[in-house]
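Structural description and commentary
Here's the letter readout for the chains.
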Amino acid sequence: MKLSTDSSFVFYSLPGRVVFGEGCLATLAAEVEALGAQRALVLCTPEQRDVAERVSRQLGERSAGIFDQAVMHVPIETARAARARAAELGADVAVAVGGGSTIGLGKAIALDSGLPIIAIPTTYAGSEMTTIFGITEGGVKKTGRDPRVLPRTVLYDPTLTLTLPVSLSVTSCMNAVAHAAEGLYAPDGNPIMSLMAEAGVAAIAQALPRLCRNAQDMAARTEALYGAWLCGKVLGHVAMSLHHKLCHTLGGSFNLPHAETHTVVLPQALAYNTPAAPEAMARLARAMGSATAAQGAFDLAQRHGAPVSLRELGMKVADLDRACELALQNQYNNPRPLEQTAIRQLLQDAFEGRRPSV
Ligand code: NAD
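The shown structure was predicted, so the numbers you read here are calculated from the model rather than taken from an experiment. (Residues numbered from 1 in each chain as written. Predicted model: local features only at pLDDT ≥ 70, side-chain atom pairs only at ≥ 80, totals over all residues. Heavy atoms only, no water.)

1. Comments concerning the sheet that holds strand 3 (residues 63-67)
Pairing in this open sheet of 6 strands is parallel, and the strands run 1-8-5-4-2-3 from one edge to the other. Looking at the sheet topology across the chains shown, the edges are occupied by strand 1 (17-20) and strand 3. Averaged over all neighbouring strand pairs, the angle between strand axes comes to 20°, with direction disregarded. Lying on the sheet, helix 3 (residues 76-89) is in contact with strand 2 (40-43) and strand 3; it crosses strand 3 at an angle near 160°. On top of the sheet, helix 7 (residues 218-237) reaches strand 1 and strand 8 (153-156); it is set at about 170° to strand 1, its chief contact. (Pairing = 2+ DSSP bridges. Helix = DSSP H or I, 4+ residues; strand = E, 2+ residues; numbered from the N terminus. Axes fitted to C-alpha atoms, helices over the stretch in contact; angles between N-to-C directions. Contact = heavy atoms within 4.5 Å.)

And the structure:
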């Protein structure tokens with residue numbers, strides 16, 4: 001890529017150690033030791049108790065116990081219970097094994113106590129690469145950024161993703177693609193983040209067809225997780241725009257599922273932004289091997305059996321006006337100005353699952 005003479009940017013990189021590769025879970029005890037920690041509290045969802053037990057065995061005497069109550073959107077009550085458990089056990093590190101919900105719970109503990117986190121992601125959501133936290137209190141999810149919640153060490157072991165059902169693998173990968181897509185037109189973007197974004201999307205686009213043919217394809221799982229790492233890194237460094245705002249609104253106010261909502265909205269948000277971000281869209285299209293970015297995202301989801309309409313996710317057509325109103329309540333950065341009529345149309349297209357025509 002050529003830089004034009006008027007290109008200027010700021011680049012910084014968040015700290016953090018990444019250990020990547022098949023079987024790298026075996027290095028966990030050494031990674032805990034490297035942090036100078038002795039007593040690890042292992043976090044997981046109730047569904048992933050078995051993998052948490054494996055992690056706990058791996059830790060041997062450095063395991064202080066398991067807290068298995070992580071759920072989506074980190075309810076404050078769960079965060080308080082986990083914080084109390086960590087204090088009661090004298091934990092000096094939290095090991096979060098799971099997707100964004102479990103890593104989010106680790107972040108809620110770290111926010112309160114400064115406990116270091118080792119994250120072992122088992123989805124492609126990317127939370128482990130960001131300082132973003134979210135806690136839900138009284139039905140409202142508050143999000144923010146705080147350097148204390150950034151995991152110190154991340155172990156990416158693709159063998160732990162083999163059990164992720166194909167449908168969730170596809171939508172989780174689309175969630176990752178969304179981070180990279182908005183990173184390519186972020187107001188605070190830079191050439192390094194764009195390199196990561198394009199490489200991340202390309203890795204996922206190449207992995208998905210193989211992963212869907214065979215969920216146990218280790219090479220495809222490895223490539224998808226590598227792509228997810230790059231996309232998560234982008235999310236951690238640059239500001240997100242309209243797409244993430246819409247998904248936050250739809251998830252928070254209409255209780256739609258996280259990864260599926262990203263999957264449905266992304267092609268429509270890209271279509272909306274296409275006229276205002278031609279270079280980003282060209283790079284995205286190239287990464288997906290598609291004619292346009294918006295159609296590439298739509299086809300990547302649909303071809304692999306993911307939902308493409310909000311209707312399929314349980315959204316009511318009567319709620320679209322309200323969703324539009326909420327999404328426009330605050331101004332935020334977006335390459336194309338926020339236009340009420342066009343955003344209402346975007347939501348209609350997402351509701352119906354229309355393939356973008358740009
Ligand atoms: P999730 O963590 O909620 O996991 C979904 C389900 O899949 C859970 O039941 C989980 O136990 C199960 N699961 C996860 N990995 C599995 C595996 N390998 N095998 C079998 N089952 C597995 O889903 P998610 O999409 O990873 O995370 C969504 C949450 O993360 C949302 O609350 C979202 O807001 C948050 N998030 C935060 C950030 C951030 O930067 N803070 C980034 C992305 C997502």
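2. Comments concerning the domain arrangement of the protein chain
A common measure of how large an interface is: the accessible area buried when the components associate. Looking at the assigned domains, one finds that the protein chain contains domain 1 (17-161) and domain 2 (166-352). Inter-centroid distance (C-alpha atoms) of domain 1 to domain 2 is 26 Å. Facing the 19 residues of domain 1 at the interface are 22 residues of domain 2. Together, Phe20, Tyr124 and Met129 form the three largest contributors to the area buried by domain 1 at its contact with domain 2, with a combined 38%. Applying the counting rule to domain 1 against domain 2 returns 0 salt bridges. The interface formed by domain 1 and domain 2 holds 5 residue pairs in polar contact (both at pLDDT 80 or more) in total. Within the residue set of the side of domain 1 that touches domain 2, elements represented by two or more residues are strand 1 and strand 7 (140-145). In terms of residue count, strand 7 provides more of the side of domain 1 that touches domain 2 than any other element does, 3 residues in total. (Domains from an automatic or database assignment. Buried area = accessible area lost by both parts, 1.4 Å probe. Salt bridge = Lys/Arg side-chain N within 4 Å of Asp/Glu carboxyl O. Polar contact = N/O pair within 3.5 Å; in protein donor to acceptor, adjacent residues only side chain to side chain.)

3. Side note on the pattern of salt bridges
Tallied over the entire structure, the rule returns 18 salt bridges. Among the salt bridges present, the one from Glu339 reaches Arg336, with a minimum N-O distance of 3.0 Å. The shortest N-O distance in the salt bridge between Asp349 and Arg354 comes to 2.6 Å. Look at Arg354 and you get partly exposed, because its relative accessible area is 38%. (Buried < 20%, exposed > 50% of the residue type's maximum accessible area, 1.4 Å probe, protein only.)

4. Quick notes on the pairing of strand 6 (residues 132-137)
Regular strands show a simple pattern: their side chains alternate between the two faces of the sheet. Of the pairings in the sheet, the one linking strand 6 to strand 7 comprises 6 bridges and is antiparallel in character. When the bridges of strand 7 are listed, Glu137 appears paired with Val140.

5. Some remarks on the nonpolar core
Core analysis: the largest hydrophobic core is formed by 75 residues, its most contacted members being Leu43, Tyr124, Leu266, Leu270 and Leu284. Of the domains in this structure, domain 1 (17-161) and domain 2 (166-352) are the two that each give at least three residues to this core. Here Leu284 is in contact with Ala181, Leu184, Val201, Leu270 and Ala293, once residues within four sequence places are set aside. Counting 26 residues, the second-largest nonpolar core is a separate cluster that includes Leu246, Cys247, Phe254 and Val264. (Core = buried A, V, L, I, M, F, W, Y, C linked by side-chain atoms within 4.5 Å.)

6. Focus on the pairing of strand 4 (residues 93-98)
Burial within strand 4 is extensive, with 6 of its 6 residues counted as buried. Side chains Val93, Val95 and Val97 project from strand 4 onto one buried face, and the interleaved Ala94, Ala96 and Gly98 project onto a second face that is buried too. When strand 2 meets strand 4, the two strands line up parallel, connected through 4 bridges. Note on strand 4: the bridge partner recorded for Val42 is Val95. The handedness of the strand 4 to strand 5 (residues 117-121) crossover, carried by helix 4 (residues 100-113), is right-handed. (Right-handed = clockwise from strand over helix to strand, strands pointing away.)

7. Topic: helix 11 (residues 293-303)
Across the 11 residues that make up helix 11, a large majority, 9, are buried. Those residues of helix 11 that fall on the buried side of the exposure criterion are Ala293, Ala294, Gln295, Gly296, Ala297, Phe298, Asp299, Leu300 and Ala301.

8. Regarding the site of the ligand
The immediate surroundings of the ligand are formed by 23 residues, with Thr45, Ser101, Thr122, Thr123 and Thr130 found nearest. Residue Lys141 places a side-chain N or O atom 2.9 Å away from an oxygen atom belonging to the ligand. Starting from 860 Å² of accessible surface for the ligand in isolation, the protein chains cover 85%. No fewer than three residues from each of domain 1 (17-161) and domain 2 (166-352) sit in the shell around the ligand. (Near = heavy atom within 4 Å. Areas by Shrake-Rupley, 256 points an atom, 1.4 Å probe, with all protein chains shown as cover.)

9. Some points on the environment of Gln206
Summarising the element assignment, Gln206 is placed in helix 6 (residues 191-213). Residues Gln206 and Leu284, spaced 78 residues apart in sequence, show a C-alpha to C-alpha distance of 13 Å.

10. Some points on the packing of aromatic side chains
The final tally for this structure, using the stated rule, is 5 aromatic pairs. For the ring pair Phe20 and Tyr226, a centre distance of 6.2 Å and an interplane angle of 85° mean the geometry is edge-to-face. You can see Phe20 sitting in strand 1 and its partner Tyr226 sitting in helix 7, a full 206 residues away along the chain. Given a relative accessible area of 36%, Tyr226 falls into the partly exposed group. In this structure an aromatic cluster arises from ring pairing among Phe20, Tyr156, Tyr226 and Trp229. Directly above the ring of Tyr272 sits Arg336, whose terminal nitrogen or CZ lies 3.9 Å from the centroid. (Phe/Tyr/Trp six-rings, centres within 6.5 Å; stacked < 30°, edge-to-face > 60°. Lys NZ or Arg CZ within 6 Å of the ring centre and 35° of its normal.)

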